[in-house]
Amino acid sequence: MTPVSNGLYAYLPIGLRVLNKLTNIVENEMENIGAQRVLLPALTPTNLWQKTERFDTNKTELFTVLDRHNRQYILSPTYEETICDLIKSSGYMSLKLPLKLYQISNKWRDEIKPRFGFLRSREFIMKDLYTFDATLDDANQSYETVCEAYSNIFKTLGIKFTKAIGDTGIIGGLKSHEYHYTCDNTDDIICTCSACQYAINKVMCKESKCPQCSNTLLEQSTAEVGHTFLLDTKYTEPLGAVYMQQKLKPLVMGCYGLGLSRILTVVAEKLRTEEGELRWPKSLAPYTLCIITPKSGSNEEGANQYLNQILEIVNQLNIETILDDRTKLTIGKRMKLARLVGYPYVIVLGKTAMMSPPTFEVHNINDSSSTELSLESIASYFEAENMKT
């Protein structure tokens, strides 16, 4: 990611591949719980936010625009009003409950002081999910289902996370939970119990002792990367999102957000080395393997004769591979660049490939190990590594 203005960033090809990996993980889990993907317009008519009385209380953080007819719109930071208006316009007779609709899209917030990259940016990428049920009991069940799906997503990423009782804040509702990564130099603090794993946002914490086991609560600096809300009828009632059960009744709603750009920012920060080298988990790495060929004109150039054989081996194993054939650069320079980007594995066609029998340097970047393998051993090496995932 590269900054293009204060609080605005561009995704370059490698960063976009990482984002797409994360998106695929999220999509798979949303499909598992029966959620359907939609895409809502970036602009929301201001009058919808006025109906829920959110416009005036949030005006300072909203980007607004006027069209040629002097109608005002919000560049949407969230979509509770929009989705409820969509449900209303679709007609209550066509609803099959529970209904789970989600999108993955850019959102906007006029941060007074953008900082910490995507943690406090003006434009960010979020997965927002909205559930609709007939009763509060059903909505609670949907809430638990989505919370479990969120936990599955974070477990897939393989980095320790904390689920904490959350502050409903400007979104509102009956209850909420937040998902956090420990992270220095952020605005978030949660209070946790090391004995029973109870966790709560410091804003919500009124006691110094854990209510479940009476142990002392400890403060942790964290970054919030996900948030779930059980909204009840806070939005559906004023916006007319209803269903028929003998008579028209407002739907019971939940909303759930995952900050995808936030997750990538925190993961990169948590797993990078002191030298600034990225260490992506395998599930997010832009490519699993980088192959480095010899420098043009070097004594090792003859090792290129084995390149197609290695490519055939890794392709049969379905290993996502990038070939660094910038042969004007030395192997050492390209190895350094591969470590900076964070490819989990690197194969080098270097000096050992010119020996008899030829061997190839295989580097496991994430655990800082390396080994020399014959062509015949490469497949079994990666099969064994895959079993560790």
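Calculation rules
Residues numbered from 1 in each chain as written. Predicted model: local features only at pLDDT ≥ 70, side-chain atom pairs only at ≥ 80, totals over all residues. Heavy atoms only, no water. Helix = DSSP H or I, 4+ residues; strand = E, 2+ residues; numbered from the N terminus. Buried < 20%, exposed > 50% of the residue type's maximum accessible area, 1.4 Å probe, protein only. Contact = heavy atoms within 4.5 Å. 1 Å grid on protein atoms, 1.4 Å probe; cavity = no way out; pocket = protein on both sides within 12 Å on 5 of 7 lines; lining within 4 Å. Points joined across faces, edges and corners; volume = space filled by probe spheres on them. Nonpolar A, V, L, I, M, F, W, Y, C, P; charged D, E, K, R; others polar. Axes fitted to C-alpha atoms, helices over the stretch in contact; angles between N-to-C directions. Left-handed = near helix turned anticlockwise from the far one by under 90°. Pairing = 2+ DSSP bridges.

Draft legend 1. Highlighting the overall build of the protein. A tally of helices and strands in the protein yields 10 helices and 21 strands. By its C-alpha atoms, the protein is 85 × 60 × 40 Å across when sized along the principal axes. Relative to its full complement of 389 residues, the protein shows a buried share of 48%. Considering only residue pairs separated by 6 or more positions, the protein has 68% of its internal contacts joining residues 24 or more positions apart.

Draft legend 2. Region of interest: the layout of surface pockets. The calculated volume of the largest pocket comes to roughly 1,000 Å³. Together, 41 residues line the largest pocket, and Arg109, Ile170, Ile171, Glu224 and His227 are the ones closest to its centre. For the lining of the largest pocket, the secondary-structure elements that each account for two or more residues are β8 (123–133), β11 (188–192), β13 (218–232) and β16 (252–259). Classifying every residue of the lining of the largest pocket gives 17 nonpolar, 10 polar and 14 charged.

Draft legend 3. Looking closely at the packing of helix α1 (residues 13–32) against helix α5 (residues 136–157). Put simply, α1 and α5 touch, their axes get as near as 10 Å, and they point 145° apart. For α1 against α5, the interelement crossing comes out right-handed. Residues Leu22, Ile25, Val26, Glu29 and Met30 of α1 form the contact with α5, whose participating residues are Ala149, Tyr150, Asn152, Ile153, Thr156 and Leu157. Classifying every residue of the contact of α1 with α5 gives 8 nonpolar, 2 polar and 1 charged.

Draft legend 4. Inspection of the sheet that holds strand β19 (residues 345–348) at higher detail. Here we have 5 strands laid out as an open sheet, ordered β18-β17-β19-β20-β21, and mixed in their pairing. Sheet topology places β18 (321–324) and β21 (369–373) at the edges, where each strand pairs with a single neighbour. The sheet shows a mean angle of 20° between the axes of neighbouring strands, taken without regard to direction. Here strand β20 (residues 360–364) runs beside β21; their pairing, made up of 5 bridges, is antiparallel.

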